[in-house]
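Take a look at the letters that make up each chain.
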Amino acid sequence: MAGDSEAHLRDRDENTNVIRQPFLIGVSGGTASGKSSVCEKIMELLGQNKIDHHQRQVAILSQDSFYKVLTPEQKAKAQKGQFNFDHPDAFDSELIMQTLRQILQGKAVQIPVYDFVTHSRKEEFVMVYPADVVLFEGILMFYSQEIRDLFQMKLFVDTDPDTRLSRRGVLSNITDCTSDQEKMFNSSIVSLYFYQTKKYADVIIPRGADNLVAINLIVQHIQDILNGGLNKRHNGCTNGHSTPRQRRTSESSSRPH
């Protein structure tokens, strides 16, 4: 697969010897806030959803793919609705970092497939090929500074709690709860983690995928990157954004989806 990745990058950069880093966009927000819908709408408006995965210039990843495999004790709690899947410790941050670094190196990456029934990873995986722009969505994407600093743009999908709770029939993280009271309790606990990361966002999108004005502005920005901004990356800057490595050295330290 590594050979395929390198060939893919050579095809796009045949006139330069510079290895281009993809533009990473983090998309955060509460459970059922519409993060996935926003990403899918961006793909649709860019026409990327109709392109073969091997040739797409824009790729989407989800933090949900990076849940840790639960121990027998944790599985027992999960079956009773007593395990918090939206706690920062529920995610494999080390694997997320490893994956992002591989993406920045222009490599194809294998994304695990999580089984929410057995709370373990399936044997198969999803291959994500090198892309010019990568959207990575998750409730706690901005919680870890080490991960947060890799994103050149950070979006926060801000949907009111009542709307999010009304979608609980399709929630993947709290469907094991046995009562509405437990759902409300879990939602309140989760908000302690993801709401504090809202301050790191560059763009806040109220109403999720229904906010076409905000989404169209983001789509235009991505189009600018795809059409010309990439040729500036070897200078360490893309459309006014410093590369992740440069930005980490200048930002102060501060303290998952």
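Shown above is the structure to which this text applies.
These figures come from a predicted structure and were not determined experimentally.

If a strand is regular, its side chains alternate between the two faces of the sheet. Among the six residues in strand 6 (residues 153-158), five count as buried, and that is most of the element. Bridging between strand 1 (residues 23-29) and strand 6 involves five bridges; their strand directions are parallel. By the bridge assignment for strand 6, V27 is matched with L155. Where strand 6 lies against strand 7 (residues 203-206), four bridges are found, and the strand directions are parallel. When the bridges of strand 7 are listed, D158 appears paired with P206.

Okay, the sheet that holds strand 7 next. Strand order in the open sheet made by the five strands is 2-5-1-6-7, with parallel pairing throughout. Lying at the two open borders of the sheet, with one neighbouring strand each, are strand 2 (58-62) and strand 7. The sheet shows a mean angle of 20 degrees between the axes of neighbouring strands, taken without regard to direction. As paired elements, strand 2 and strand 5 (residues 133-137) share five bridges and run parallel to each other. Each residue of the ladder has a partner; that of L61, found in strand 5, is F136.

Enumeration over the complete set of coordinates arrives at eight aromatic pairs. With a centroid separation of 5.7 Å and 40 degrees between ring planes, the pair formed by F66 and F136 is classed as tilted. Note that F66 is positioned in the loop between strand 2 and helix 3 (72-79) and F136 in strand 5, a separation of 70 residues in sequence. Members of the aromatic cluster, connected to one another through ring pairs, are Y67, F83, F85, F91, Y114 and F116. R148 extends its terminal NZ or CZ atom over the ring of Y200, reaching a point 3.6 Å from the ring centre.

Per the stated rule, a full pass over the model turns up five salt bridges. The closest approach of N and O atoms between R101 and E146, which form a salt bridge, is 3.2 Å. Placement of R101 in helix 4 (residues 93-104) and of E146 in helix 5 (residues 145-148) is noted, with a sequence separation of 45 residues between them. Note on R101: relative accessible area 40%, which makes it partly exposed. Here D202 ties to K154 by a salt bridge, and the two come within 4.0 Å at their closest N and O atoms. Here the residue D202 occupies a position in the loop between helix 7 (180-194) and strand 7, and K154 occupies one in strand 6, the gap between them amounting to 48 residues. The exposure class assigned to K154 is buried, which follows from its relative accessible area of 7%.

Below, the discussion takes up helix 8 (residues 212-227). When the terminal C-alpha atoms of helix 8 are compared, their 22 Å separation across 16 residues agrees well with the 22 Å that a helix rising 1.5 Å per residue should span. Three or more residues of helix 8 are buried, namely A214, I215, I218, V219, H221, I222, I225 and L226. One side of helix 8 holds all its buried residues, which, seen down the axis, span an arc of 160 degrees. Away from its buried face, by an angle of more than 90 degrees, helix 8 presents the exposed residues V213, L217 and N227.

Parameters and conventions
- Residues numbered from 1 in each chain as written.
- Predicted model: local features only at pLDDT ≥ 70, side-chain atom pairs only at ≥ 80, totals over all residues.
- Heavy atoms only, no water.
- Buried < 20%, exposed > 50% of the residue type's maximum accessible area, 1.4 Å probe, protein only.
- Helix = DSSP H or I, 4+ residues; strand = E, 2+ residues; numbered from the N terminus.
- Pairing = 2+ DSSP bridges.
- Axes fitted to C-alpha atoms, helices over the stretch in contact; angles between N-to-C directions.
- Phe/Tyr/Trp six-rings, centres within 6.5 Å; stacked < 30°, edge-to-face > 60°.
- Lys NZ or Arg CZ within 6 Å of the ring centre and 35° of its normal.
- Salt bridge = Lys/Arg side-chain N within 4 Å of Asp/Glu carboxyl O.
- Expected span 1.5 Å × (residues − 1).
- Arc of directions from axis to C-beta.

From the geometry alone we can't say anything about function, so treat these as descriptive.
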